[in-house]
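Residues per chain, in single letters:
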Amino acid sequence: MSFTLGFTCPIDATGHAHPQLKPHYFQKAVAVGAQPVLLTPDRGLTAALAACDAVVFTGGPDIPPEYYHATDRGHPCRWLSPHRATWEFSLLQALRTHHPHKKVLGICLGMQWINVACGGTLYQHLPAEFAPTAGQTTPHLGHVTTTAGGHHFTDALHPVHLVPSGVLHQWVGATTLPTPTLEKVASFHHQGIEKLGTDLTAQAHAPDGLIEAIAHQHLPWLGVQWHPERDTTGPTLFRWVVS
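Residues numbered from 1 in each chain as written. Predicted model: local features only at pLDDT ≥ 70, side-chain atom pairs only at ≥ 80, totals over all residues. Heavy atoms only, no water.

1. A short note on the nonpolar core
So, point 1. Ranked by size, the top nonpolar core spans 66 residues in total, and within it L5, L105, W113, L168 and W226 carry the most contacts.
So, point 2. Among the elements that line this core, the one with the most residues is helix α3 (residues 82–98), at seven residues.
So, point 3. For W226, the contacting residues outside a window of four places in its chain are I107, C108, V160, L168, V185, A186, A204, E212, A213, D231, T233 and L237. (Core = buried A, V, L, I, M, F, W, Y, C linked by side-chain atoms within 4.5 Å. Buried < 20%, exposed > 50% of the residue type's maximum accessible area, 1.4 Å probe, protein only. Helix = DSSP H or I, 4+ residues; strand = E, 2+ residues; numbered from the N terminus. Contact = heavy atoms within 4.5 Å.)

Shown next as structure tokens:
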């Protein structure tokens, strides 16, 4: 019997889901023997979660600040549509209540959702709100790269430091990326974790001190701020979610 891996997907302002999976996600799922399935609101929560063995919360725009009891601070944000925000928050609540043994992998936005669902908060714009850890002598680490002219963005590749004995360390087998076999992580975000949610532990940090990965202490939930579907950590993380 094949392993079915559920994925969230874009939902526009009219509530219409765009049921297509980016090739990187599809390739990583198939490579670990999983059958990918899209989790769209028309299925309903019960049917959607019954149709999969684990869930990947994919990347996307910014979580509306009311989900972490904040207001719009006037930074250059691109908020999720209300329909997608409601759906993905409800999925996490249903997983916690009714499917506590199903694994969840949160990628970028997905990691931020895990944090917010557990009562954590977010920096709405890192360049304006996040101060690197004391003793850090370099400027704020670029977590996204702006191309010439400032109109387009690409992945920023940077190292991460894994917490010793954490779940990521156990699976990756190293405390720092890159390694001889793993490259720097593919980072593409301007928000990040401010206050860590209840029952969550930090699993990795960027060199500037920003939390880059989290895990739940009681649920099989793991989140990474980077994009493993686009870098060499992908095979390891997707093996974890189907294990």
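2. Brief notes about the sheet that holds strand β1 (residues 3–7)
So, point 1. If you walk across this open sheet you meet the nine strands as β2-β1-β3-β4-β15-β14-β13-β9-β10, and the pairing is mixed. Two strands in the sheet have a free side with no partner beyond their single neighbour: β2 (34–38) and β10 (176–177).
So, point 2. One ladder, built from five bridges, connects strand β13 (residues 200–205) with strand β14 (residues 211–216); its direction is antiparallel. Each bridged residue has a counterpart across the sheet, and for A204 the counterpart in β14 is A213.
So, point 3. Contacting β3 (54–57), β4 (103–107) and β15 (221–224), α3 crosses the sheet at an angle of about 150 degrees to β3. (Pairing = 2+ DSSP bridges. Axes fitted to C-alpha atoms, helices over the stretch in contact; angles between N-to-C directions.)

3. A closer look at helix α4 (residues 109–117)
So, point 1. Most of α4 is tucked away, with nine of its nine residues classed as buried.
So, point 2. Three or more residues of α4 are buried, namely L109, G110, M111, Q112, W113, I114, N115, V116 and A117.
So, point 3. Immediately beyond the C-terminal end of α4, within one or two residues, lies G119, with a positive phi of roughly 90 degrees.

4. Thoughts on the pattern of salt bridges
So, point 1. Enumeration according to the criterion identifies three salt bridges in this entry.
So, point 2. With its nearest N and O atoms 2.5 Å apart, the salt bridge here joins R84 to E88. Here the residue R84 and the residue E88 both occupy positions in helix α3, the gap between them amounting to four residues, near one helical turn. A single burial state applies to R84 and to E88, both of which are buried. (Salt bridge = Lys/Arg side-chain N within 4 Å of Asp/Glu carboxyl O.)

5. Section: the packing of aromatic side chains
So, point 1. Summed over all chains, the structure comprises five aromatic pairs.
So, point 2. Centre to centre, the rings of F7 and Y25 are 5.8 Å apart; their planes meet at 55 degrees, and the pair counts as tilted. Residue F7 is found in strand β1, and its partner Y25 is found in helix α1 (residues 23–31); the two are separated by 18 residues along the sequence. For the pair shown, F7 and Y25 are each scored as buried.
So, point 3. Considering the side-chain rings of F89 and W113, the 5.9 Å spacing of their centres and the 40 degrees angle between planes classify their relative orientation as tilted. With F89 in helix α3 and W113 in helix α4, this pair connects stretches of sequence that are 24 residues apart. One exposure class covers both F89 and W113, and it is buried.
So, point 4. Members of the aromatic cluster, connected to one another through ring pairs, are Y67, F89 and W113. (Phe/Tyr/Trp six-rings, centres within 6.5 Å; stacked < 30°, edge-to-face > 60°.)

6. So, the packing of α1 against helix α7 (residues 234–242)
So, point 1. For the pair α1 and α7, the least separation of the axes is 9 Å and the interaxial angle reads 60 degrees. Of the possible angle classes, the one that applies to α1 and α7 is oblique. Of the two elements, α1 crosses α7, and the hand of that crossing is right-handed. Here Y25, K28 and A29 of α1 come into contact with α7, specifically with G234, P235 and F238.
So, point 2. Residue composition of the contact of α1 with α7, by class: four nonpolar, one polar and one charged. (Parallel < 35°, antiparallel > 145°, perpendicular 65-115°, else oblique. Left-handed = near helix turned anticlockwise from the far one by under 90°. Nonpolar A, V, L, I, M, F, W, Y, C, P; charged D, E, K, R; others polar.)

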